[in-house]
Amino acid sequence: MNAPFLDIHGLPGHLIRRLNQIAVAQFMEKMAAIEVDLTPVQFSALCAIQSHPGIDQASIAGLIAYDRATLGKVIDRLEAKQMVTRQVSPQDRRAREVTLTQLGERLLQQVHPVVTAAQTEILSGLTTEEQQQLILLLQKTILAGNELSRAPQRGL
């Protein structure tokens, strides 16, 4: 007996995965155009660190909704690129505080307008009003499902 036909092109999970593919491709294309070696997750981590200087790695993971083990590798790469520094926290010897270097600050200044412009292109098929509505609906959906994630967002 055959399973009933299921058109994946109307499923939210499939559509969200495709939109993520488009968003990552746009981000990587824009970074390549300005000759910057930076991934979307590295960018998110840098933004979290900029907003919270001296933040520990676990808190960065919570802010950007990324699993802690993988985030450690992201921070390793950012440290190797001299974008961040880490030091043992004086309050908790198990925690490592992360701060942006001057190079990291300059990189964020350089890529900020590029990333902002790319967001419009990701949603280019929508009017400005539709873009705003989609963002609100995505935020609402994410908030409702946050605890279902393997890496829930924390600290906001």
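Structure: see above.
Basis of the calculations
Residues numbered from 1 in each chain as written. Predicted model: local features only at pLDDT ≥ 70, side-chain atom pairs only at ≥ 80, totals over all residues. Heavy atoms only, no water. Helix = DSSP H or I, 4+ residues; strand = E, 2+ residues; numbered from the N terminus. Buried < 20%, exposed > 50% of the residue type's maximum accessible area, 1.4 Å probe, protein only. Areas by Shrake-Rupley, 256 points an atom, 1.4 Å probe, with all protein chains shown as cover. Lys, Arg positive; Asp, Glu negative; His and termini not counted. Charge placed at Lys NZ, Arg CZ, Asp CG, Glu CD. Salt bridge = Lys/Arg side-chain N within 4 Å of Asp/Glu carboxyl O. Pairing = 2+ DSSP bridges. Contact = heavy atoms within 4.5 Å. Axes fitted to C-alpha atoms, helices over the stretch in contact; angles between N-to-C directions. Core = buried A, V, L, I, M, F, W, Y, C linked by side-chain atoms within 4.5 Å. Parallel < 35°, antiparallel > 145°, perpendicular 65-115°, else oblique. Left-handed = near helix turned anticlockwise from the far one by under 90°. Nonpolar A, V, L, I, M, F, W, Y, C, P; charged D, E, K, R; others polar.

S.K.: So what's going on with the overall build of the protein chain? Which residues, and what values?
M.R.: Secondary structure summary: the protein chain contains six helices and three strands in total. In the protein chain, the order of α-helices and β-strands from amino to carboxyl end is α-α-β-α-α-β-β-α-α. Its C-alpha atoms put the protein chain at 60 × 35 × 30 Å along the principal axes. Among the 156 residues that make up the protein chain, the fraction classed as buried is 30%. Total accessible area on the protein chain is roughly 10,700 Å²; 57% of this is exposed by carbon and sulfur atoms. If you average the places of the 15 positive and of the 15 negative side-chain charges in the protein chain, the two averages end up 7 Å apart.

S.K.: Quick rundown of the pattern of salt bridges? Include the residues and the values.
M.R.: Summed over all chains, the structure comprises five salt bridges. Across the pair K81 and D37 runs a salt bridge whose closest N-O atoms are separated by 3.5 Å. Here D37 lies in the loop between α1 (12–33) and α2 (40–51) and K81 lies in the loop between α4 (68–80) and β2 (84–88), a separation of 44 residues in the sequence. Overall, the relative accessible area of 59% leaves D37 in the exposed class. Across the salt bridge formed by D76 and R86, the nearest N and O atoms sit 2.5 Å from each other. In this pair, D76 sits in helix α4 while R86 sits in strand β2, placing the two residues ten residues apart along the sequence. With relative accessibility at 15%, the residue R86 sits in the buried group. When salt bridges with common partners are traced through the structure, they connect D76, E79 and R86 into a single cluster.

S.K.: Let's hear about the sheet that holds β2: which residues, and what values?
M.R.: Hydrogen bonding along the main chain pairs the strands of a sheet, whether they run parallel or antiparallel. Sheet architecture is open: three strands sit in the order β1-β3-β2, paired in antiparallel fashion. Edge positions in the sheet fall to β1 (55–56) and β2, since each of these pairs with one other strand and no more. As defined by bridge partners, β1 adjoins strand β3 (residues 96–100) across two bridges and the pair is classed as antiparallel. Counted as the bridge partner of D56 is E97 from β3. In the packing of α4 onto the sheet, the strands contacted are β2 and β3, and the crossing angle to β2 comes to about 120 degrees.

S.K.: Please provide a residue-by-residue account of the nonpolar core, values included.
M.R.: Of all hydrophobic cores here, the largest spans 27 residues; its most connected members are L38, L46, I60, I75, L78, V84 and V111. Residue assignment for this core shows that the elements contributing at least two residues are α1, α2, α3 (57–64), α4, β3 and α5 (102–122).

S.K.: Requested: an account of the packing of α2 against α3, with residues and values cited.
M.R.: Here α2 crosses α3 at 115 degrees, and the two axes come no closer than 10 Å. When the interaxial angle is binned, α2 and α3 end up roughly perpendicular. Where α2 crosses over α3, the two elements pack in a sense that is right-handed. Residues V41, S44, A45, A48 and I49 of α2 touch α3, and the partners they reach there are I60, L63 and I64. Among the residues making up the contact of α2 with α3, the classes are represented as seven nonpolar, one polar and no charged.

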